[in-house]
Structures are given as structure tokens and as C-alpha cells.
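Below, each chain spelled out in residue letters.
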Amino acid sequence: KVKLVGLDKIDPAGTYIFMSNHVSNLDPPILVPLIPGRTSVLAKREIWKIPIVSKALDLAEIVPVERSNRDSAISSIRRAGEVMQHHINMTIFPEGTRSPDGRLMPFKKGPFHLAAETGFPIVPITILGTYEMMPKGTSLIKGGTATLVFHPPIDPKGFSSREELVQAVWNAINSALPPER
């Protein structure tokens with residue numbers, strides 16, 4: 001089951017950078033179809049190794065990120081900006097990988113460069129429940145309810161530094177996590 005909180009406060013005609021915590025392989029297939037309008041995703045390059053999947057990812061304008069190569073990652077951020085110019089939202093997991101314990105990890109800087117360069121607002125999202133259903137390192141899925149909390153959009157132009165923007169988004173996502181996380 002999926003429960004949505006706050007999505008009704010997002011203008012479906014807007015173009016946004018959706019940023020979410022990432023605790024499970026369930027997160028992308030639950031979140032992405034619920035984003036209003038069309039969305040692309042910054043996704044790890046490794047999933048392009050699956051032949052049929054790679055073609056579908058390219059057709060959907062999913063943007064590959066080579067996480068271990070800084071120059072390639074910068075090119076991916078530029079590509080994401082180009083995709084967004086077609087009024088396609090971008091969905092990003094700014095931690096860069098799944099959290100091993102469900103706690104919010106530090107964010108990578110690239111997604112915030114994208115926000116600064118494009119000026120599109122960031123919608124922080126907190127995903128709850130998927131860690132319990134399928135934590136990192138497991139392949140079995142347990143039943144349960146995933147709750148997606150959509151926080152109010154954050155305008156990147158309202159911050160004097162990228163660090164302040166990163167902290168604001170981190171704080172928003174963290175605000176809906178339970179105290180133990």
C-alpha cells in the first residue's frame with residue numbers, strides 16, 4: 001500500500017527537482033510513477049548493463065550517472081538540466097546510494113549544482129516504510145505501507161550558499177523521519 005502526504009500542495013504544471021531519501025530498492029518504482037507529470041531520474045550507470053532495460057532507460061530520457069567518475073558525474077548533471085528544459089521533472093536520490101540502516105546520509109553536491117544552474121525548485125520527499133519492507137542487502141520483499149511525504153518546494157535562489165540549500169533540503173527530508181532514524 002502507498003500513502004501520500006502533501007502531494008496536493010504541488011502544482012502539477014510546474015517543473016521540479018524531486019529529492020528523496022533512499023533506503024530500499026522499492027523506492028524508485030514506488031515514487032517515480034506518483035510524480036505529477038513526466039519525470040526523469042538520475043540513475044547509476046550500472047543498470048544500463050541490462051540490455052533490455054538500457055533501451056527503455058534511454059527512451060525514457062533517464063540520465064545515467066557514473067558515481068565513481070567526477071567528470072562524468074558533472075556531465076550527467078548538465079544532461080539532467082537539458083532534459084528539464086523540456087518541462088520534464090527530475091527525480092534524484094541525493095544520498096547517492098541506499099542507506100544501510102535507514103538513517104539519512106550526507107548528500108552529494110551534484111543535485112544542488114543542478115538546482116542552482118537551472119533555478120527549478122526542489123521538492124523534498126521523505127519515504128517511510130520501504131526500509132522495513134526491503135532493506136539494503138535483502139532481496140525479499142515484506143508487505144507493508146510506504147508513506148511518501150511531499151514537503152513544500154524550496155526555491156534554490158533563496159539561499160546565499162549551496163551549503164545552506166543542501167542543509168535546508170536535508171532538514172526537510174529528515175523532519176518526517178522517526179526519531180530512531
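Quick summary incoming for the structure in this document. (Residues numbered from 1 in each chain as written. Predicted model: local features only at pLDDT ≥ 70, side-chain atom pairs only at ≥ 80, totals over all residues. Heavy atoms only, no water.)

1. What about the pairing of strand S6 (residues 122–128)?
Filter applied, for reference: Type-normalised accessible area, obtained with a 1.4 Å probe on protein chains alone, sets the label of each residue: buried when under 20%, exposed when over 50%, and partly exposed for intermediate values. For the purposes of this entry, the term helix denotes a DSSP run of H or I that reaches at least four residues, the term strand denotes a run of E that reaches at least two, and both are numbered from the N terminus. Following DSSP output, two strands are said to pair if at least two bridges run between them.
Burial analysis of S6 places six of its seven residues in the buried class, which makes it a mostly covered element. Inspection of the sheet shows strand S2 (residues 17–20) paired to S6 by four bridges, in the parallel sense. Note that in S6 the partner of isoleucine 17 across the bridge is isoleucine 122. Sheet topology places S6 next to strand S7 (residues 146–150); four bridges connect them, and they run antiparallel. Bridging from a neighbouring strand, isoleucine 127 pairs with leucine 148 of S7.

2. Points about the packing of helix H3 (residues 70–84) against helix H4 (residues 110–118)
Applied cut-off: Between the N-to-C directions of two axes lies an angle of 0 to 180 degrees, each axis being a line fitted to C-alpha atoms and, for a helix, fitted only over the stretch in contact. Angle categories: roughly parallel below 35 degrees, roughly antiparallel above 145, roughly perpendicular from 65 to 115, and oblique for all the rest. The hand of a helix crossing depends on one turn: near helix anticlockwise from the far one by less than a right angle means left-handed, and clockwise means right-handed. The contact criterion used throughout is that any non-hydrogen atoms of two residues lie within 4.5 Å.
The N-to-C vectors of H3 and H4 enclose an angle of 45°; their axes lie 9 Å apart at closest approach. Relative to H4, the element H3 lies oblique. The handedness of the crossing between H3 and H4 is right-handed. Residue-level inspection shows Ile77, Ala80, Gly81 and Met84 of H3 in contact with H4, the latter providing Gly110, Pro111, His113, Leu114 and Thr118.

3. Quick notes on the pairing of strand S5 (residues 89–92)
Neither face of S5 is exposed, since Asn89 and Thr91 on one face and Met90 and Ile92 on the opposite face are all buried. Of the strand pairs in this sheet, S2 and S5 are connected by three bridges, and their pairing is parallel. Paired with methionine 19 across the two strands is isoleucine 92, which belongs to S5.

4. Details of the sheet that holds strand S3 (residues 39–44)
In spatial order, the strands read S1-S7-S6-S2-S5-S3-S4; together these seven strands make up an open sheet with mixed pairing. The open sheet terminates on both sides in strands that have one partner only, identified here as strand S1 (2–5) and strand S4 (63–65). Direction aside, neighbouring strands of the sheet carry axes that sit 25° apart on average. As judged from the three bridges shared by S3 and S4, these two strands associate in the parallel manner. Opposite alanine 43, over in S4, you have proline 64 as the bridge partner. Contacts from helix H6 (residues 162–175) reach S2 and S6 within the one sheet, and its direction differs from that of S6 by about 35°.

5. Notes on unusual backbone geometry
Even without glycine at this site, histidine 87 takes up a positive phi of about 60°. If you trace the backbone, histidine 87 turns up in the loop between H3 and S5. Under the relative-accessibility criterion, histidine 87 is labelled exposed at 62%.

6. Quick word on the packing of H4 against H6
Two packed helices can be described by the angle between their axes and the distance between those axes. Under the convention used in this document: Following the grouping adopted for this structure description, the nonpolar residues are Ala, Val, Leu, Ile, Met, Phe, Trp, Tyr, Cys and Pro, the charged ones are Asp, Glu, Lys and Arg, and the polar ones are all others, Gly among them.
Close contact between H4 and H6 brings their axes to 10 Å; oriented N to C, the two are set at 115°. Accordingly, the angle class assigned to the pair H4 and H6 is roughly perpendicular. Regarding H4 and H6, the two cross each other, and that crossing is right-handed. Between H4 and H6, the residues in contact are Phe112, His113, Ala115 and Ala116 and Arg162, Leu165, Val166 and Val169, respectively. Tallied by class, the residues present in the contact of H4 with H6 amount to six nonpolar, one polar and one charged.

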